[in-house]
Amino acid sequence: MPHSVPVPPTGLQALILCGPGVSLNTFTSNPEEYPKCLIPVANRPMLWYALDWSKRMGITDVTLVTPPSSLAPLQAALRQNPHLTSLPSPSVIAPADLEMTTGTAELLRLPEVQSCIKSDFLLLPCDLVCEIPGESLLEAWMVSGGEKNRRNGLSMYYQTQGREESVKGEATDFLAVAPLEQSEAPTVSHAALRSSLSKLVLSMPMATLKEKLENDKGFLVRHSLVDTHAQVKLLTTYRDAHIYVLPYWVKDMARLNEQFQSVGEDLVGWWAKSEWQQGLSDKLKINEIFQQKSRRQSHGLALGESESHDGESIDGESLEEEIDLQSMSTTKSTPEKFITAASDPQFASRVKVPASQTVKTPKSNLPPMLAYVQKGTTPFVRRVDSSAILLSTSLRLAKLESIEEVGRVASSAFAHASKVANTASIAQRCTVTRNDCLVDNNSTVEEKCVIKETIIGANCHIASGARLTRCLIMDGAVVGERCQLTGTIVGRRSKIGRETVLKDCEVQDGNVVPDETDAKNEKFMIFEGIDDEDDMDASDDDQDY
Amino acid sequence: MAPKQKAGQKPKPNSAEEVEETFQAVVLADTFETRFEPFTRDKPRCLLPLANTPLIEYTLEFLANAGVEEVFLYGGAHSDQLEKYINASKWRALSSPFKQLTFLKSTSTSVGDVMRDLDGKHLITGDFIVVSGDVISNLPIEGALAQHRARRALDKNAIMTMVLREAGLQHRTKSTSVSPIFVIDPTKDRCLHYEEIDRHPDDEQSSRLNIDAEIILKHPELDIRQDLIDCSIDICTPDVLSLWSDSFDYQSPRKHYLFGVLKDYELNGKTLHTYIIKDHYAARVRNLKAYDAVSKDILSRWTYPLCPDTNLLPGHTYTLRKGSMYQETGVTLARSCVIGRRTVIGKGTSIGDRAEVHNSVLGRNCKIGRNVKLDGAYIWDDVVIGDNSDVRGAIIADGVVLGKHCTIASGALISYGVKIADNIWVESGKRITKTRNDGSVGKNDPAVVGEGGEGYEFIHGEEEEDDEDDVSVASSGLVYRMPGLSLSSASISTLSSEVSNTSWARSERSSFSADEDSDNFHHDASVSLFDSLREGVAADVVQLELVTLRMSANASDNQVRRAIVTSFMKHIQQLMEGGKGAGPAVLSVFTAYKEVVERTLFDRNKEQKKDQVDLLLALQNDLIHRNKGETVLLFTAKSLYELELIEEEAYDQWWNDERSSSTEEMRAVRSQTQQFVDWLAEAEEESSEEESEEESDDE
């Protein structure tokens, strides 16, 4: 896949939320030193994938949002890490009130973040690995309509099951989508995207859904939903990729709704609901925002006192720049009158809305929240939010053919220059399966090692006779002689004693595993107390960004 | 003649020769609804003309296209007329595409009864189609059938495939008062949940659908569809019928059967599937609004080849002219009359000077006077309309005579043979008829039809229609009145059965709502009892559970007994299928759960053993449909006696109760028990003799 096609700037800005990573706590126990976004996925810091993705889709204005405590290591990494320095450097903000447990929607309300948002924006998690061309996604969003200043939103969902890197017990989200009417479906160059766009009408994590099912004794569907949308698809094995393309006005929605905690569950969830549930858009003060906007536009007034003078002027600028792409599209004719004609089914003459159904919410009021639901399992999209996925994703990426092998054009955007770095030294009499392994700079593999499906970071040392299968060895780790590791993640600078046998284990950074240990499904951590928290599934992760 | 041949064609034990089976269809000519009143007082609904062709013709044509070889036609009301019609029709001729066309009469009052009757007759040998007698469709069924058979080959439990037509959110043939909601697993085309939304404005039912948590959690992808037109074309296997028989309280094919069978998936393990079509036409003339809509579709040729110019009936000579005008030969048009688009005019009809006809269907031999304006009117045969009259969006049946200067407002229905005097204004939604419910001619009402007119206003319930279906009783007189409805010619609701619909819906609900709790109770209780029996839970636990359920649903003793009977018999049957003899099976179950049964009988010390009789009746009723029901009844009677649950007097009272011998089936099922009752009677006599002897001794 070509990955360096020059893309014109989109006028969008991206916010990448660099959170603490609760569910990866084996490796993020000390976010002050080593935040989640720096954990390597296939020998690159996680953050690289999100930054690279934004770069490829042509977003130049990228802001990282991080708690103040993690600011120092993050900035250091941005300056020093060879992978990160190769990308245009993003700006970093660390709002004073941002804590490790702040919800994503709460984050949007923080004054620093509010003033930072100056146009339509893209909200990304730092743990995203996405191969879907972002520019197509943006293109789909741009032509999907919505009047000026009333743009739609777009979120993305991917299938969790039946993939190569699927793991057991993965967290999923529940979503309900309705198909777009023929006239609403945008024409996009990327054909797969077009068929996968639909209107989001419900969204919540599976954990919330299960709770609801228990309380309500069944799944209750409001009649107004089926009245508004004749076809509703319920999906339970998909995962919210936490990629949100949000229009500028959402900034105000986030600010005005103090009850929102997370973007995924609350902001997007409520927005999706208000599309069909009557009166909800009033409750969410969305109508208020639109009225204000139009007033402000006509009078040229300021948005509000909270806005700084600076932000305002830039604000006005970006609004002026906004172009109605929809009307410029030649393949799409969306004036309202055509909609009625096209949505009329195949049966002859005009059909009047029967009296009993006129109670429907007027559609025009609220721009819909769109959902891109990935069909099938390619291209690759994943959120790396648990150790198991970290391992499976890394291994999957390791299988990509390197640039060295197939050339720059044919290789994937995530391909490494070569599978085994030039500076790595690998002894003669050992086996390293090149098609599914990665070995980074300055690592040593001694004689008689057998290394299969394994990723070895920089400056590692694998002593002689070790057998590594499906392992992830992070930077600077040392694996002792005749160790047998299977499905194990070894943290940075940790040391595995000789003749140790580990299966499906996690070894924390800097930990020393004594010689001849034999363990299965264990976590080697310094603070054993944290272990309990490990059971908290990824739903926490949704709220604590 | 037909039934005799039938008798020879007993269901063979199906071996490898399944390929040979004939393709059968069941047509429900009567859907046991009264939405076409007052016309259905004179004629069966399926003979009402739609674009001058009786409804049943369209349905039979559809079946012929589908390659059906044997048709069973179930008549309801006026079945003699229908039979006569069928016997004279081309379907009976040598050239008929059907090898066999059997007319079945029944006294049924619901679709459920028909299906159970059909099951009892053992006529069905393989997969068959069920359609109602008002389906208009040009769909070739092969696709659905192939899918059904393929699925069936893989999984024996896939018993039914419903053909559904996809439409938009709004569609003119869609019913607007009750929207069916299907929850479908699109990967398997399996229907998982069915619910109807009742759109009545004063509705107090919850505004939410309730889908089982299980369904949500077990299926990664689900579609909630509200855009499907249910044209009630079902491809069924014989198992469908036995499920109807298992639940004698199922009445309607969707609301009860579909809903119930899906709910009971855990119990019966049967799956129901859907086949969704996106092109071709399929609709049901389910009410007057649909009548209007489908008429329009036919005139605009959506139903091709089922159009007037196809001349489905022998003797029809329609030709198509520009602007969707269909005319037969022999039409007399005055020079100055205007015939607009979308009109059908039958043979022998004459239209007077300066008359204007738009969007209308005129039957044969009508006389339309001068200066008459017709718009959206459905005028059947032999109608006379006087000069200067105006008819908009109304249905005028055969033989109506309309005076001069009359105005018939939209939504009015004028039934057979009504005469309306000059200068009468029939307000919208009024229904005028001559025939009373019992077929006699009613008293004329000059206030409605004018001096010298014939007919009176038809109001539902006016004649103490005591035991017609509950549905009709509750339909109010307001039915076709529709204040405040837009009446533009483009509107679908010119006939405004919108209102009729809703009121019908309300009536249905009111008649069912009382039973709703009890239905649920019956269902819940029998399922939970059955489960407990199967797992062998102790009697006191079962009793406790039953009491809880009963309290929460406020169920009557009768319902409790019914639930017990259903679950016990089901369990006994299962035991018997597992190889146990009827006697031991019955005895073991009743011995183990004696207490449960005992707690439902409160008439031990009374003269009239009402409760015990009720239990026996419920048993009898349940066993009609079960395998070896007669034997089980005998053994049950015996066991109940031995366990002293039921006393001799009760048996006596039961045997003499007319309910226990009301139908053929009831009599059949109790036949074997005769010997036991006889034996009891003798024993009783002896004992009473002894008693009286003792008494006399005392004296």
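Going by the annotation in an unreviewed UniProt entry, the name recorded for chain B is Mannose-1-phosphate guanyltransferase, with Penicillium fimorum given as the source organism. Its UniProt record, at the heading Subcellular location (unreviewed entry), says of chain B: "Cytoplasm, Cytosol". Recorded in UniProt under Sequence similarities (unreviewed entry), the annotation for chain B is "Belongs to the eIF-2B gamma/epsilon subunits family."

Under an unreviewed UniProt entry, the name given to chain A is Translation initiation factor eIF2B subunit gamma, and the organism recorded is Penicillium fimorum. Entered under Sequence similarities (unreviewed entry) in the UniProt record, the comment concerning chain A runs "Belongs to the eIF-2B gamma/epsilon subunits family." Check the Subcellular location (unreviewed entry) section of the UniProt entry for chain A; it says "Cytoplasm, Cytosol".

**Q** Could you give an account of the pairing of strand β4 (residues 61–65) of chain A, naming the residues involved and the relevant values?
**A** Residue and element names in this part refer to chain A. With four of its five residues buried, β4 lies for the most part within the structure. As judged from the five bridges shared by strand β1 (residues 13–17) and β4, these two strands associate in the parallel manner. Directly across from leucine 15, in β4, lies its bridge partner threonine 63.

**Q** Outline the domain arrangement of chain B, listing residues and values.
**A** Interface size, as often reported, equals the accessible area lost upon joining of the parts. Domain assignment breaks chain B into domain 1 (21–285), domain 2 (289–504) and domain 3 (566–698). The centre of domain 1 of chain B, based on its C-alpha atoms, is set 38 Å off from the matching centre of domain 3 of chain B.

**Q** So, the environment of Leu633(B): which residues are in play, and what are the values?
**A** Residue and element names in this part refer to chain B. Along the polypeptide, leucine 633 turns up in helix α19 (residues 629–642). Look at leucine 633 and you get buried, because 26 C-beta atoms sit within 10 Å. With sequence-adjacent residues up to four places away left out, leucine 633 is seen in contact with Leu619, Gln620, Leu623, Val669, Arg670, Gln672 and Thr673.

**Q** Outline the nonpolar core, supporting the account with residue identities and numerical values.
**A** Formed by 281 residues in total, the largest nonpolar core has its most connected members in Ile16(A), Leu47(A), Leu175(A), Val201(A), Ile473(A), Ile396(B) and Ile414(B). If one sorts the elements of this core by residue count, strand β12 (residues 231–246) of chain A sits on top with nine residues. Not counting the four nearest positions on each side in its chain, Ile473(A) is found in contact with Thr454(A), Ile455(A), Ile456(A), Gly457(A), Cys460(A), Val479(A) and Val490(A). One finds Ala525(B), Ala650(B), Trp654(B) and Leu680(B) within the second-largest nonpolar core, a separate group that totals 41 residues.

**Q** So what's going on with the UniProt feature "domain: Mannose-1-phosphate guanyltransferase C-terminal" (unreviewed entry) in chain A? Residues and values would help.
**A** UniProt marks residues 435–508 of chain A with the feature "domain: Mannose-1-phosphate guanyltransferase C-terminal" (unreviewed entry), using the numbering shown here. Helix makes up 0% of residues 435–508 of chain A and strand 41%, whereas the separation of the span's terminal C-alpha atoms amounts to 27 Å.

Scoring rules and cut-offs
Residues numbered from 1 in each chain as written. Chains lettered and ligands numbered in written order. Predicted model: local features only at pLDDT ≥ 70, side-chain atom pairs only at ≥ 80, totals over all residues. UniProt positions renumbered as here; feature names shortened; annotations may be inferred. Buried ≥ 20, exposed ≤ 12 C-beta atoms within 10 Å, placed from the backbone. Helix = DSSP H or I, 4+ residues; strand = E, 2+ residues; numbered from the N terminus. Pairing = 2+ DSSP bridges. Domains from an automatic or database assignment. Contact = placed C-beta atoms within 7 Å. Core = buried A, V, L, I, M, F, W, Y, C linked by C-beta atoms within 7 Å.

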